[in-house]
Amino acid sequence: MKSLKKLLFLFSLSLLSQVYFSCNKTQVEKETLYPQRIISLSPAGTEILFAIGAESQIAAVSDFSDYPPQAMELPKAGGFDGNTISLERLLSFNPDFLYLSDGMHNFLIEKLNEFKIPFYLSKADSFESLKQEILDIGEITGHGGQAKSLVSEMCAKLPSEKTEESNLPKTVYYEIWNEPYMSAGKLSFINDVIQLAGFNNIFADISEAYPVVSEESIIARQPEIILIPVSSMNTVESVKNRNGWDSIPAVKNNKIFVVDDNLYSRPGPRIIDAICELSQF
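Bear in mind that the values here come from a model prediction, so they are computed numbers and not experimental data. (Residues numbered from 1 in each chain as written. Predicted model: local features only at pLDDT ≥ 70, side-chain atom pairs only at ≥ 80, totals over all residues. Heavy atoms only, no water.)

**What to know about the sheet that holds strand S5 (residues 119-122)**
And step 1. Strand order in the open sheet formed by 5 strands is S3-S2-S1-S4-S5, and the pairing between neighbours is parallel. The open sheet is flanked by strand S3 (76-78) and S5, the only strands paired with a single partner. Recorded for the sheet is a direction-independent mean angle of 20° between the axes of neighbouring strands.
And step 2. In terms of strand pairing, strand S1 (residues 38-40) meets strand S2 (residues 58-62) through 3 bridges, oriented parallel. Bridge pairing in S2 links Ser40 to Val61.
And step 3. Most of the contacts of helix H6 (residues 127-141) go to S5, to which it runs at about 170°, and overall it touches S1, strand S4 (97-101) and S5. (Pairing = 2+ DSSP bridges. Helix = DSSP H or I, 4+ residues; strand = E, 2+ residues; numbered from the N terminus. Axes fitted to C-alpha atoms, helices over the stretch in contact; angles between N-to-C directions. Contact = heavy atoms within 4.5 Å.)

**Re the environment of Asp261**
And step 1. Note that Asp261 resides in helix H12 (residues 261-265).
And step 2. Linking Asp261 and Val230, residues 31 residues apart in sequence, is a C-alpha distance of 6.5 Å.
And step 3. Asp261 has contacts with Tyr174, Pro229, Val230, Ser231 and Arg266, leaving out every residue within four places of it along the chain.

**A closer look at the packing of aromatic side chains**
And step 1. For the structure shown, the criterion picks out 7 aromatic pairs.
And step 2. Within the aromatic cluster, the residues linked to one another by ring pairs are Tyr173, Tyr181, Phe203 and Trp245.
And step 3. Positioned over the ring face of Tyr67 is Arg270, at 3.8 Å from the centre of the ring. (Phe/Tyr/Trp six-rings, centres within 6.5 Å; stacked < 30°, edge-to-face > 60°. Lys NZ or Arg CZ within 6 Å of the ring centre and 35° of its normal.)

**Considering the packing of helix H8 (residues 189-196) against helix H13 (residues 271-279)**
And step 1. The interhelical angle for the contact between H8 and H13, taken along N-to-C directions, is 50°, at an axis separation of 8 Å. Taken together, the axes of H8 and H13 lie oblique to each other. As H8 packs across H13, the resulting crossing turns out to be right-handed. Along its contact with H8, which presents Phe189, Val193, Ile194 and Leu196, the element H13 presents Ile271, Ile275 and Leu278.
And step 2. Classifying every residue of the contact of H8 with H13 gives 7 nonpolar, no polar and no charged. (Parallel < 35°, antiparallel > 145°, perpendicular 65-115°, else oblique. Left-handed = near helix turned anticlockwise from the far one by under 90°. Nonpolar A, V, L, I, M, F, W, Y, C, P; charged D, E, K, R; others polar.)

**A closer look at a nonpolar patch on the surface**
And step 1. Taken together, the side chains of Phe64, Phe80 and Met104 make up a nonpolar region of the molecular surface, amounting to roughly 260 Å² of accessible area.
And step 2. Among the structural elements, Phe64 can be located in the loop between S2 and S3. (Patch = residues over 30% accessible without salt bridge, like charges linked within 9 Å, V, L, I, M, F, W, Y side chains within 5 Å. Areas by Shrake-Rupley, 256 points an atom, 1.4 Å probe, with all protein chains shown as cover. Salt bridge = Lys/Arg side-chain N within 4 Å of Asp/Glu carboxyl O.)

**Here's the deal with the nonpolar core**
And step 1. Among the nonpolar cores identified, the biggest contains 43 residues, and Ile134, Leu227, Tyr264 and Leu278 are the most heavily contacted of them.
And step 2. Sequence-distant contacts of Leu278, defined by excluding residues within four places in its chain, comprise Val193, Ile194, Ala197, Phe199, Leu227 and Tyr264. (Core = buried A, V, L, I, M, F, W, Y, C linked by side-chain atoms within 4.5 Å. Buried < 20%, exposed > 50% of the residue type's maximum accessible area, 1.4 Å probe, protein only.)

**Some words on the pattern of salt bridges**
And step 1. Under the counting rule described, the total for this entry stands at 8 salt bridges.
And step 2. Where Arg266 meets Asp66, a salt bridge forms, and the shortest distance between an N and an O atom there is 2.9 Å. Placement of the pair is Arg266 in the loop between H12 and H13 and Asp66 in the loop between S2 and S3, with a sequence separation of 200 residues.
And step 3. Taking relative accessible area as the criterion, Asp66 reaches 32% and is therefore assigned partly exposed.
And step 4. When the shortest N-O distance is used, the salt bridge between Asp205 and Arg221 registers 2.7 Å. Pair noted here: Asp205 is in the loop between strand S8 (200-201) and helix H9 (215-220) and Arg221 is in the loop between H9 and strand S9 (225-229), with a separation of 16 residues, a long-range link.
And step 5. A relative accessible area of 52% places Asp205 in the exposed class.
And step 6. What makes Arg221 partly exposed here is its relative accessible area of 32%.
And step 7. Salt bridges sharing partners connect three or more residues here, namely Glu47, Asp66, Arg266 and Arg270.

Structure follows, in structure tokens:
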């Protein structure tokens with residue numbers, strides 16, 4: 001919280017130094033206290049900005065910002081890494097704030113500090129940290145009330161604890177990729193989604209976010225639910241026909257589901273929809 005207050009203070013100083021004083025000084029200061037030309041390089045961040053009512057303050061978004069649909073109409077600032085993001089292009093939008101993702105956009109930090117452009121580095125890796133991020137962005141953009149309401153709505157939609165008579169929650173295998181096989185580990189956002197839906201992730205014992213796993217280990221752990229991302233282009237039938245998978249409970253009981261991976265993996269407001277959907281499987 002101290003770091004957030006420091007960011008707000010520095011941001012206010014940098015903007016207020018540009019204020020043209022007039023007879024309506026108070027109104028001018030109020031309007032310029034918050035960023036008005038935000039570049040969101042995080043698709044999840046774009047969703048958050050729209051959800052809290054800050055869309056009019058966005059100057060440009062990531063090439064991959066596709067939700068809500070209005071986001072696709074905004075100017076594009078680049079992709080995920082240094083090969084697709086140009087500092088010159090970013091500066092061409094005359095930004096007063098950048099919304100970044102940790103692990104992808106850290107290479108921009110030194111230059112942003114050099115140009116004295118405030119930024120937020122998203123590190124949301126759980127539902128709890130996502131809630132805090134939404135509140136942080138709400139305060140930074142001047143939409144604190146909307147952010148608090150959004151977080152309250154998300155919490156209210158969380159599924160209640162399952163009251164089924166089964167002794168243990170169903171086990172879930174989430175497939176990130178299958179060449180090689182990659183799944184969600186303990187430190188992944190998806191692991192938190194699975195748990196909040198009332199299930200157990202079969203690879204929750206691996207202390208990595210997205211570990212490479214063997215096909216044999218998937219079969220041996222006998223998941224009761226299998227989730228396949230739509231972007232992988234795999235189908236329920238193609239999974240059923242994998243060699244040796246016919247012994248898996250999820251295959252036997254037709255519990256294979258093709259899901260929107262953007263919905264399940266983006267740490268944004270729609271994650272509550274993924275949690276609610278999964279809880280019904």
